[in-house]
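Here's the letter readout for the chains.
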Amino acid sequence: MTTIAIVDYGMGNFHSVARALKYAAPDADIRICSQPQEIAAADRVVFPGQGAMADCMRTLNESGLREAVVRAAREKPLLGVCVGEQMLFDSSEEGGTACLGLFRGVVRRFSGPGFAEPVSGDDVACLADAGAAGLADTRPERLKVPHMGWNKVRQTRSHPIWAGIPDETHFYFVHSYYADPEDPDLTVGETEYGLAFTCAVAAANIFAVQFHPEKSAEHGLRLYRNFVDWQP
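All values derive from a computational prediction rather than experimental measurement.

Peer 1: Any chance you could explain the environment of proline 160 here in plain terms?
Peer 2: Position of proline 160 among the secondary structure elements: in the loop between strand 8 (147–155) and strand 9 (169–175). The class for proline 160 is partly exposed, based on a relative accessible area of 48%. Distance in space between the C-alpha atoms of proline 160 and phenylalanine 227 is 8.3 Å, their sequence separation being 67 residues.

Structure (structure tokens):
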């Protein structure tokens, strides 16, 4: 039986991810893991994240799980989700935070004349919960930040994780920042929100997405199932 570790460092909607994975892959052993040895023992790793980047990196470092995540990213299939995707890059404009540096690139905020100022990571988490509960965001800005809701994802190149998922499928987003890879070949998915931005990256045994598969209905579940079956 395949064992999948969901990294629990205190900053993420781990239980929602676990429920989605259990539904998508009932034949897998899904574990929420807060100890390095549990991550090391797993066959596959899911690395979620939610909240302000500085808090996520500080909590990851204090949890003692940083090296376990970096080692897993070099040795076994790893799926990054939301801030978990952003943390794979060099740094973030959110608080000038240094990240894991597994991918070259910077996490940038939505900015420009068409955008409102991004809210804090804590507010993004609250809005995510409100959106999942079906509550409307009534702020008047034309291009609201955080980017929140369903958007089409254009698959910029083929990948086994996209199997059975049509190009331009809608996925659910809640974020004020996005990854800007230095290497364009990392990008496997792109979304438009005031600008075209990378929303999915892949290299070797790593696949990571800005959107939330666990909140993205049947195609989000298919993505999780594809991750379980993936043989990089």
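Peer 1: Hey, could you run me through helix 4 (residues 66–75) in this one?
Peer 2: Three or more residues of helix 4 are buried, namely Ala68, Val69, Val70, Ala72 and Ala73. Those residues of helix 4 hidden inside the fold are in contact with strand 1 (3–7), helix 2 (36–41), strand 3 (44–49), helix 3 (53–63), strand 4 (78–82) and strand 13 (206–209).

Peer 1: In this structure, what is going on with the pairing of strand 1? I would like to understand it.
Peer 2: Regular strands place their side chains on alternate faces of the sheet. In terms of residue burial, strand 1 counts as a mostly covered element, since five of its five residues are buried. A two-sided burial pattern is seen for strand 1, the buried positions comprising Thr3, Ala5 and Val7 on one face and Ile4 and Ile6 on the other. As paired strands, strand 1 and strand 2 (residues 29–33) are joined by five bridges and run parallel to one another. Residue pairing across strands places valine 7 opposite cysteine 33, the latter belonging to strand 2. Bridging between strand 1 and strand 3 involves three bridges; their strand directions are parallel. For alanine 5, the partnering residue across the bridge sits in strand 3 and is valine 45.

Peer 1: What is the right way to read the sheet that holds strand 10 (residues 177–181) from this model?
Peer 2: Strands pair in a sheet through their backbones, by hydrogen bonds, and they do so in one of two ways: parallel or antiparallel. Across the sheet, which stays open at both edges, the four strands sit in the order 6-5-7-10 with mixed pairing between neighbours. Edge positions in the open sheet fall to strand 6 (97–98) and strand 10, since each of these has one partner strand only. Pairing between strand 7 (residues 103–109) and strand 10: five bridges, direction antiparallel. Counterpart to valine 106 in the pairing with strand 10 is aspartate 180.

Peer 1: What's the story with empty space enclosed by the protein in this structure? I'm lost.
Peer 2: A probe as big as a water molecule, rolled over the atoms, marks out the empty space that is left. Evaluated as defined, the whole model comprises two cavities of 30 Å³ or more. Of the voids in this model, the second largest cavity is the one considered here, and its volume is about 50 Å³. As for the second largest cavity, its lining consists of Gly12, Asn13, Val17, Pro48, Gly49, Gln50, Val81, His212 and Glu214. Its residues assigned to classes, the lining of the second largest cavity comprises three nonpolar, five polar and one charged.

Peer 1: Honestly, the side chain of threonine 187 in this entry has me stumped. Any pointers?
Peer 2: Among the structural elements, threonine 187 can be located in strand 11 (residues 187–192). The buried category is assigned to threonine 187, whose relative accessible area is 11%. Beyond its immediate chain neighbours, meaning those up to four positions away, threonine 187 contacts Thr156, Arg157, Pro181, Thr198, Ala200 and Val201.

Definitions and cut-offs
Residues numbered from 1 in each chain as written. Predicted model: local features only at pLDDT ≥ 70, side-chain atom pairs only at ≥ 80, totals over all residues. Heavy atoms only, no water. Helix = DSSP H or I, 4+ residues; strand = E, 2+ residues; numbered from the N terminus. Buried < 20%, exposed > 50% of the residue type's maximum accessible area, 1.4 Å probe, protein only. Contact = heavy atoms within 4.5 Å. Pairing = 2+ DSSP bridges. 1 Å grid on protein atoms, 1.4 Å probe; cavity = no way out; pocket = protein on both sides within 12 Å on 5 of 7 lines; lining within 4 Å. Points joined across faces, edges and corners; volume = space filled by probe spheres on them. Nonpolar A, V, L, I, M, F, W, Y, C, P; charged D, E, K, R; others polar.

By themselves, these observations are geometric and do not establish any function.
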